[in-house]
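# Structure assessment
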Amino acid sequence: MKILVPVKRVVDYNVKIKVKSDNSNVDLENVKMSMNPFDEIAVEEAVRLKEKKLCNEIIAITIGSAKSEETLRTALAIGADKGILVETEEEVQPLEVAKILREIIKKNNPDLVLMGKQAIDDDSNQTGQMLSALLEWPQGTFASKLEINGKKLNVTREIDGGLETLEMAIPAIITTDLRLNEPRYASLPNIMKAKQKPIEKITPKDLNIEIKQRLKTLEVKEPPKKQAGIKIDSVQELVKKLHDEEKVI
Amino acid sequence: MSVLVLIEHDNQSLKLSSLNTITAAKKIDKSVHAIILGENCSKVAEELSKCQDIEEIFISENNIYKNHIAENIAPTIVELANKYSHILAPSSTFGKNIMPRIAALLDVAQISDIISVENNDTFIRPIYAGNANLKVQSKDSKKIITVRTTNFEASKLDGGNTKITKIENKKDAGLSKFLKNELNKSDRPELTSAGIIISGGRGMESGKNFNLLEEVADKLKAAVGASRAAVDAGFVPNDYQVGQTGKVVAPELYIAVGISGAIQHLAGMKDSKIIVAINKDEEAPIFQVADYGIVGDLFKILPELSKELDKIKS
Ligand SMILES: Cc1cc2nc3c(=O)[nH]c(=O)nc-3n(C[C@H](O)[C@H](O)[C@H](O)COP(=O)(O)OP(=O)(O)OC[C@H]3O[C@@H](n4cnc5c(N)ncnc54)[C@H](O)[C@@H]3O)c2cc1C
Ligand SMILES: Nc1ncnc2c1ncn2[C@@H]1O[C@H](COP(=O)(O)O)[C@@H](O)[C@H]1O
């Protein structure tokens, strides 16, 4: 089985982002960037399937600026075999990401696409579902457990009321949720080895994809700030405040 | 053109999220239609027909819709789409799963998780875990939208008598099959619609210790939530998780117990009206968003809180 893992370079999850003073966008100058955490979970899952001999090749793909090569190297260090960088300086929105991925899939014929449920920068939570629609493949979104029995998959999904299990055939699109696994740290020898692994570089144009800005950013603002509250010494006082003053209990 | 709302329900009754979504739809256009896809779900349509904000209800009942399989629902909605300028659903796991599929089939973008309608093509949505709000204009001919329900009041179910029209069923896409679910039954209010929420974090130390929270929750008729750390540690089920990638809540009162206040957690609860934090570390970032903070050991404070609540009730 061949697995494709789309990975996105995003602001590190520990960074508290600032908005630019002209409200044109967020300020990404000198900010730490990392692989989207959900995509790390996807890479980890693919590597575990490879370790169980259920997969023989893992291709990581990213769409983004030349710097996204770092993100691919991270995927290669965790255990992907090969990388594809679709290089563009433009902002690529989920539908176009999905269209690019469809072209890559046509060329590489993976049996499974493992990807994040959500990129933590745009918080869109769309790309996997869109890709699945474009390909007419089944979708197993927000997965917390994946079982492979031959050509069939059982996908346990995290839904609002609890968990749900679906059965689907490969090829399929799976998007990861937090509980699917705990990603490993890449070891130093593996980071060194990753430098030798192949990365193919192409552009959206090579795939005949035109990048459209369907959603136009008009303004980016900081949300209203909360007034700092007060510290209270006793539970008795707290209950009094909530009951007598705030009238919420 | 009218606006269509895809109704979230469990075949028995309407989810409140649908009523919040109807309010958002109404801000886009006066004419709002609703579609109900499910199995033996006529009760849902009857319930919804009382809503005066809807002009017409369409319902299709078929086994293929019973478990809200996205691959079956999306093509049915796409078939109806040419009559509508906008299609909306709540940004619950139901809406998040289905709507991008509809958008891709229509070759348009999706606008995720809107918190405000500026006009019929411009919306505001949070990005970067709610650390920024993006005002975005859609240039597509059709707008596919998911709605952050906490930012829109629920439309009322009073006095309406909306027409219900049955529509034809589509064929099973045959891509995914529902096997089973494990839904967490609880007598407590649902997290996303509760007036009061008390959430526990890693500081709770075990699932058993959540009893302390539940005791307080019972007295306040509150829902119980959790941080990711508490869910990952197995203290409570996944659907308790509040945050950027869990549930977004905005109750009248949110009590965070043994939760540090990571940005990802704050993203899911910072719009609560009153926030109370109980944490032994006075430097914990949760205190920066709390209206009232108590620095101390939760294992001492929770039983005290429970006792004090008895006093005000009597
Ligand atoms: C991609 C991604 C998505 C995420 N999504 C979410 C999300 O949706 N929701 C979410 O919550 N998190 C999310 N997180 C995780 C988040 O970054 C934090 O790790 C998490 O919120 C921490 O949970 P916590 O506050 O319970 O634990 P900790 O940060 O460990 O805090 C525990 C707190 O308990 C206090 N404490 C301990 N013992 C006691 C005691 N006896 N009495 C009083 N106080 C005590 C400590 O002082 C501490 O402040 C996400 C992370 C990533 C990377
Ligand atoms: N530019 C990109 N390059 C590679 N993968 C991406 C890109 N954008 C999104 N993805 C994938 O799609 C998932 C969901 O992203 P989103 O729909 O933007 O929230 C991510 O977790 C990635 O797996």
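Residues numbered from 1 in each chain as written. Chains lettered and ligands numbered in written order. Predicted model: local features only at pLDDT ≥ 70, side-chain atom pairs only at ≥ 80, totals over all residues. Heavy atoms only, no water.

## Structural notes on the site of ligand 1
- Contacts to ligand 1 come from 29 residues, most closely from B:Arg202, B:Ser227, B:Gln241, B:Ser260 and B:Asn279.
- In this structure, a nitrogen atom belonging to ligand 1 sits 3.1 Å away from a main-chain N or O atom of B:Lys280.
- In the complex, the protein chains occlude 87% of the 990 Å² of accessible area that ligand 1 would expose alone.
- Elements supplying a minimum of two residues to the shell around ligand 1: α1 (37–51) of chain A together with α6 (228–232), α7 (263–266) and α8 (298–313) of chain B. (Near = heavy atom within 4 Å. Polar contact = N/O pair within 3.5 Å; in protein donor to acceptor, adjacent residues only side chain to side chain. Areas by Shrake-Rupley, 256 points an atom, 1.4 Å probe, with all protein chains shown as cover. Helix = DSSP H or I, 4+ residues; strand = E, 2+ residues; numbered from the N terminus.)

## Remarks on the sheet that holds strand β13 (residues 199–202) of chain A
- Read across the open sheet, the 10 strands follow the order β13(A)-β7(A)-β6(A)-β1(A)-β8(A)-β12(A)-β9(A)-β10(A)-β11(A)-β11(B); overall the sheet is mixed. Both outer strands of the open sheet, β13 of chain A together with β11 (176–183) of chain B, are each paired with one neighbouring strand and no more. Strand-to-strand, the axes of this sheet are offset by a mean angle of 25°, without reference to chain direction.
- Looking at chain direction, strand β1 (residues 2–6) of chain A and strand β6 (residues 57–64) of chain A are connected through 5 bridges and run parallel. Of the residues in β6(A), the one forming a bridge with A:Leu4 is A:Ile59.
- Against the sheet, helix α4 (residues 93–105) of chain B contacts β9 (139–149) and β10 (152–159) of chain A, and its axis sits at roughly 90° relative to β9(A). (Pairing = 2+ DSSP bridges. Axes fitted to C-alpha atoms, helices over the stretch in contact; angles between N-to-C directions. Contact = heavy atoms within 4.5 Å.)

## Quick notes on helix α6 (residues 235–245) of chain A
- Among the residues of α6(A), A:Val235, A:Leu238, A:Val239, A:Lys241 and A:Leu242 are the ones counted as buried. For α6(A), the angular spread of buried residues about the axis comes to 155°, placing them on one side. Projecting away from the buried face of α6(A) at angles above 90 degrees are the exposed residues A:Gln236, A:Lys240 and A:Glu245.
- Where α6(A) is buried, its residues meet β15 (230–231) of chain A together with β14 (253–257), β15 (274–279), β16 (292–295) and α8 of chain B. (Buried < 20%, exposed > 50% of the residue type's maximum accessible area, 1.4 Å probe, protein only. Arc of directions from axis to C-beta.)

## A look at the interface of chain B and chain A
- The partner chain A presents 77 residues to the 81 residues of chain B that form the contact.
- Between chain B and chain A the total buried area reaches about 6,900 Å² when both faces are included, carbon and sulfur atoms providing 56% of it.
- Between chain B and chain A we count 7 salt bridges in total.
- Measuring nitrogen to oxygen at the nearest pair gives 3.5 Å for the salt bridge that ties A:Arg214 to B:Asp107.
- On inspection of chain B and its partner chain A, the count reaches 42 residue pairs in polar contact (both at pLDDT 80 or more).
- Where β15(A) lies against β16(B), 2 bridges are found, and the strand directions are parallel. Bridge pairing links A:Ile230 to B:Tyr292 in β16(B). (Buried area = accessible area lost by both parts, 1.4 Å probe. Salt bridge = Lys/Arg side-chain N within 4 Å of Asp/Glu carboxyl O.)

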